[in-house]
Amino acid sequence: MGFKHAMEGYEYLAALLKALGHPVRLQILSVLRQGEACVCHLEAVLGQRQAYISQHLMRLREDQLVTDRREGMNVFYALADKSIERLLDVAQETATTLTQAKGRHVPFSLPNVDTSLTCTCPKCLPRVADAQLAYHP
């Protein structure tokens with residue numbers, strides 16, 4: 001086995017970790033742990049612009065971390081594999097352990113946003129209708 005062949009796996013792992021190397025991409029993956037979501041849903045949850053989220057989704061898709069499917073005018077994204085959840089768990093656990101050793105605490109939480117007020121995709125739209133019915137005097 002040559003040196004170049006022995007490095008292949010590490011090169012792939014380095015590329016994978018590099019794809020995970022942005023806070024917004026990690027947040028997107030965290031949202032997708034809860035199930036598939038469209039860009040407008042991610043926009044509502046993360047409070048970021050659609051173009052910015054789409055740019056990060058493109059990178060995640062290129063690196064095969066997410067998949068997409070079209071439904072009418074909407075594109076829904078999902079984690080490409082369950083192993084990505086385990087990878088995120090281990091990464092968060094490691095970050096927590098290392099920061100606690102330095103006497104710090106870093107939270108891994110997403111903004112608490114009611115997406116039914118801002119996302120009108122087919123997945124969220126029924127909740128919007130339910131909310132409007134419940135509010136109707």
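Everything that follows concerns the structure shown earlier in this document.
Residues numbered from 1 in each chain as written. Predicted model: local features only at pLDDT ≥ 70, side-chain atom pairs only at ≥ 80, totals over all residues. Heavy atoms only, no water.

1. Here we look at the overall build of the protein
If you tally the helices and strands in the protein, you get six helices and three strands. In sequence order, the secondary structure elements of the protein are arranged as α-α-β-α-α-β-β-α-α. Considering the protein as a whole, with its 137 residues, one finds that 29% of them fall into the buried category. If you take every contact in the protein between residues at least 6 apart in sequence, the share linking residues at least 24 apart comes to 59%. Accessible surface computed for the protein: about 9300 Å², of which carbon and sulfur atoms make up 57%. (Helix = DSSP H or I, 4+ residues; strand = E, 2+ residues; numbered from the N terminus. Buried < 20%, exposed > 50% of the residue type's maximum accessible area, 1.4 Å probe, protein only. Contact = heavy atoms within 4.5 Å. Areas by Shrake-Rupley, 256 points an atom, 1.4 Å probe, with all protein chains shown as cover.)

2. Concerning helix H5 (residues 83–101)
Across its 19 residues, H5 extends 27 Å between first and last C-alpha, which sits within 8% of the 27 Å expected from 1.5 Å per residue. Every buried residue of H5 is listed here: Ile84, Glu85, Leu88 and Thr99. Each buried residue of H5 sits inside an arc of 100 degrees when the element is viewed along its axis, so together they form one side. Seen from the open side of H5, the exposed residues pointing more than 90 degrees away from its buried face are Arg86, Val90, Glu93, Leu98 and Ala101. Where H5 is buried, its residues meet helix H2 (23–32) and strand E3 (74–79). Once H5 finishes, Gly103 follows within two positions and takes phi at roughly 80 degrees, a positive value. (Expected span 1.5 Å × (residues − 1). Arc of directions from axis to C-beta.)

3. Re the nonpolar core
Generally speaking, soluble globular proteins have nonpolar side chains that are buried together. Judged by nonpolar contacts, the single largest core of 23 residues is most densely connected at Ile28, Leu29, Leu32, Leu42, Leu57, Leu65 and Tyr77. When residues of this core are traced back to their parent elements, those giving at least two are helix H1 (3–19), H2, helix H3 (39–46), helix H4 (50–62), E3 and H5. Counting residues per element, this core draws most heavily on H2, at five residues. Those residues in contact with Leu42, other than ones at most four positions away along the chain, are Ile28, Val31, Leu32, Ala37, Gly47, Ile53 and Leu57. (Core = buried A, V, L, I, M, F, W, Y, C linked by side-chain atoms within 4.5 Å.)

4. Let's talk about a nonpolar patch on the surface
Nonpolar side chains collect at one region of the surface, where Tyr10, Leu13, Leu17 and Leu87 lie side by side and expose about 380 Å² of accessible area between them. Take Leu87: it is sitting in helix H5. (Patch = residues over 30% accessible without salt bridge, like charges linked within 9 Å, V, L, I, M, F, W, Y side chains within 5 Å. Salt bridge = Lys/Arg side-chain N within 4 Å of Asp/Glu carboxyl O.)

5. Considering the sheet that holds strand E2 (residues 66–71)
Backbone-to-backbone hydrogen bonds pair the strands of a sheet. The strands run either parallel or antiparallel. Pairing is antiparallel across the open sheet formed by three strands, whose spatial order is E1-E3-E2. Each edge of the open sheet is held by one strand with a lone partner, namely strand E1 (37–38) and E2. In this structure, E2 lies alongside E3, joined through six bridges in antiparallel fashion. Following the sheet pairing, Arg69 is matched in E3 by Phe76. Sitting on the sheet, H4 is in contact with E2 and E3, with an inclination near 115 degrees to E2. (Pairing = 2+ DSSP bridges. Axes fitted to C-alpha atoms, helices over the stretch in contact; angles between N-to-C directions.)

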